[in-house]
Amino acid sequence: MGIFSRRQTASAGPTPGGGLGTLDRQGGAGDAGLDPALRALDGQWTIDRPHSRIGFSVRHAMVTTVRGAFTDYDSTLYFDGDRPSESRAELVIRIGSVDTGVEQRDAHLIGTDFFDARRYPEMTFRSTATVHEGGETFRMAGDLTIRDVTRPVELQLDYLGSVVDPFGFERVGFDGTTTIDRTEWGLVYNQRLAAGGTMVSEKVRLQFDISAIRATAGPS
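Residues numbered from 1 in each chain as written. Predicted model: local features only at pLDDT ≥ 70, side-chain atom pairs only at ≥ 80, totals over all residues. Heavy atoms only, no water.

**A closer look at the overall build of the protein chain**
- A count of helical and extended segments in the protein chain gives two helices and eleven strands.
- Listed N to C, the secondary structure of the protein chain is α-β-β-β-β-β-β-α-β-β-β-β-β in terms of helices and strands.
- By residue count, 48% of the 220 residues in the protein chain fall in the buried class.
- Taken as a whole, the protein chain presents about 11100 Å² of accessible surface, with 51% of it coming from carbon and sulfur. (Helix = DSSP H or I, 4+ residues; strand = E, 2+ residues; numbered from the N terminus. Buried < 20%, exposed > 50% of the residue type's maximum accessible area, 1.4 Å probe, protein only. Areas by Shrake-Rupley, 256 points an atom, 1.4 Å probe, with all protein chains shown as cover.)

Quick look at the structure:
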């Protein structure tokens, strides 16, 4: 699941306790028009880490953007070709694998000012509902847990295509993005700038470029 889409759509706000209460698990309006190629993706998939990226970007000092990624994670992705609303995704991300290209900055991120990876070594996403919006676009609600704080998020998903690669693996691509307020998960560290504003933006853009391979075992 690419945990995604750049197309903006109307959506209901999050409901207390996680998830988006208005997402219909029994099928979105676009299910009947699902492309046959998408229906054929029915089954369980695993993210191919060397060819995927789970990344983030955040404004720094109000004038530039810092980008990074998490390189170590486990994934369970299941796509239901007949009922896309039953599709689901789970990611378990090791915080210590964060990589922004600067060792000192990475050490700061996993320290107590930010993720506090010694106490909270993992970040998780577990889907709670999926809607096919039509064509190759999906919307997924889920629970994002950081520092033992769980809050609902909404992801937009774009299907990029599927192929059998030269090694015989059936491969599918998704991508997408969403934006969160990091302070809602207890990531409140910051420094004020003399001219106004803050050193690190509270808004963080999450980016998912996913290449997944069909699992040999059936869905759990």
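**Notes on the environment of Glu-202**
- Inspection of the secondary structure assignment puts Glu-202 in strand S11 (residues 200–214).
- Counting along the chain gives 15 residues from Glu-202 to Leu-187, while the straight-line C-alpha distance between them is 8.5 Å.
- In contact with Glu-202, not counting residues within four places along its chain, are Ile-180, Asp-181, Arg-182 and Thr-183. (Contact = heavy atoms within 4.5 Å.)

**Some remarks on the pattern of salt bridges**
- Across all of its chains, the model carries 13 salt bridges by this definition.
- Here Arg-126 makes a salt bridge to Glu-90, at a shortest N to O gap of 3.3 Å. In this pair, Arg-126 is assigned in strand S7 (residues 122–134) and Glu-90 in strand S5 (residues 88–94), connecting sequence segments 36 residues apart.
- On the basis of relative accessibility, which here comes to 40%, the residue Arg-126 falls in the partly exposed class. (Salt bridge = Lys/Arg side-chain N within 4 Å of Asp/Glu carboxyl O.)

**So, the packing of aromatic side chains**
- Summed over the entire model, instances satisfying the criterion amount to five aromatic pairs.
- Taking the centre distance of 5.9 Å and the plane angle of 85 degrees together, the rings of Phe-79 and Phe-138 count as edge-to-face. Of this pair, Phe-79 sits in strand S4 (residues 73–79) while Phe-138 sits in strand S8 (residues 137–146), and the two are 59 residues apart along the sequence.
- Accessibility expressed as a relative area gives 4% for Phe-79, which makes it buried.
- Overall, Phe-138 belongs to the buried group, its relative accessible area being 2%.
- Taken together, Phe-56, Phe-70 and Phe-115 form an aromatic cluster joined through their ring pairs.
- In this structure, Arg-49 packs its charged tip against the face of Tyr-73, placed 5.9 Å from the ring centre. (Phe/Tyr/Trp six-rings, centres within 6.5 Å; stacked < 30°, edge-to-face > 60°. Lys NZ or Arg CZ within 6 Å of the ring centre and 35° of its normal.)

**Observations regarding unusual backbone geometry**
- Phi is positive for Asp-116, which is not a glycine, with a value near 50 degrees.
- Examined against the element boundaries, Asp-116 turns out to sit in the loop between helix H2 (103–110) and S7.
- Here the phi dihedral of Asp-148 falls at roughly 65 degrees; this positive angle occurs in a residue that is not glycine.
- Structurally, Asp-148 is set in the loop between S8 and strand S9 (149–164).
- Residue classification places Asp-148 among the exposed residues on the basis of a relative accessible area of 66%.

**Let's talk about the pairing of strand S2 (residues 53–60)**
- Two strands pair when backbone bridges link them, and S2 and S11 are joined in this way by seven bridges, in the antiparallel orientation. When the sheet's bridge partners are listed, Ile-54 is paired in S11 with Phe-208.
- Here S2 pairs with strand S3 (residues 64–70) via seven bridges, running antiparallel. Paired with Val-58 across the two strands is Val-66, which belongs to S3.
- Taking the residues between adjacent antiparallel strands as the criterion, S2 and S3 are bridged by three residues, where Ala-61 takes a positive phi near 55 degrees. (Pairing = 2+ DSSP bridges.)

**Remarks on the confidence of the model for the protein chain**
- Residues of the protein chain with pLDDT of at least 70 account for 82%, and the chain-wide mean is 83.
- Per-residue pLDDT stays below 50 along residues 1–30; that stretch engages in 87 contacts with residues further than four places along the chain or on separate chains. (pLDDT = per-residue confidence, 0-100.)

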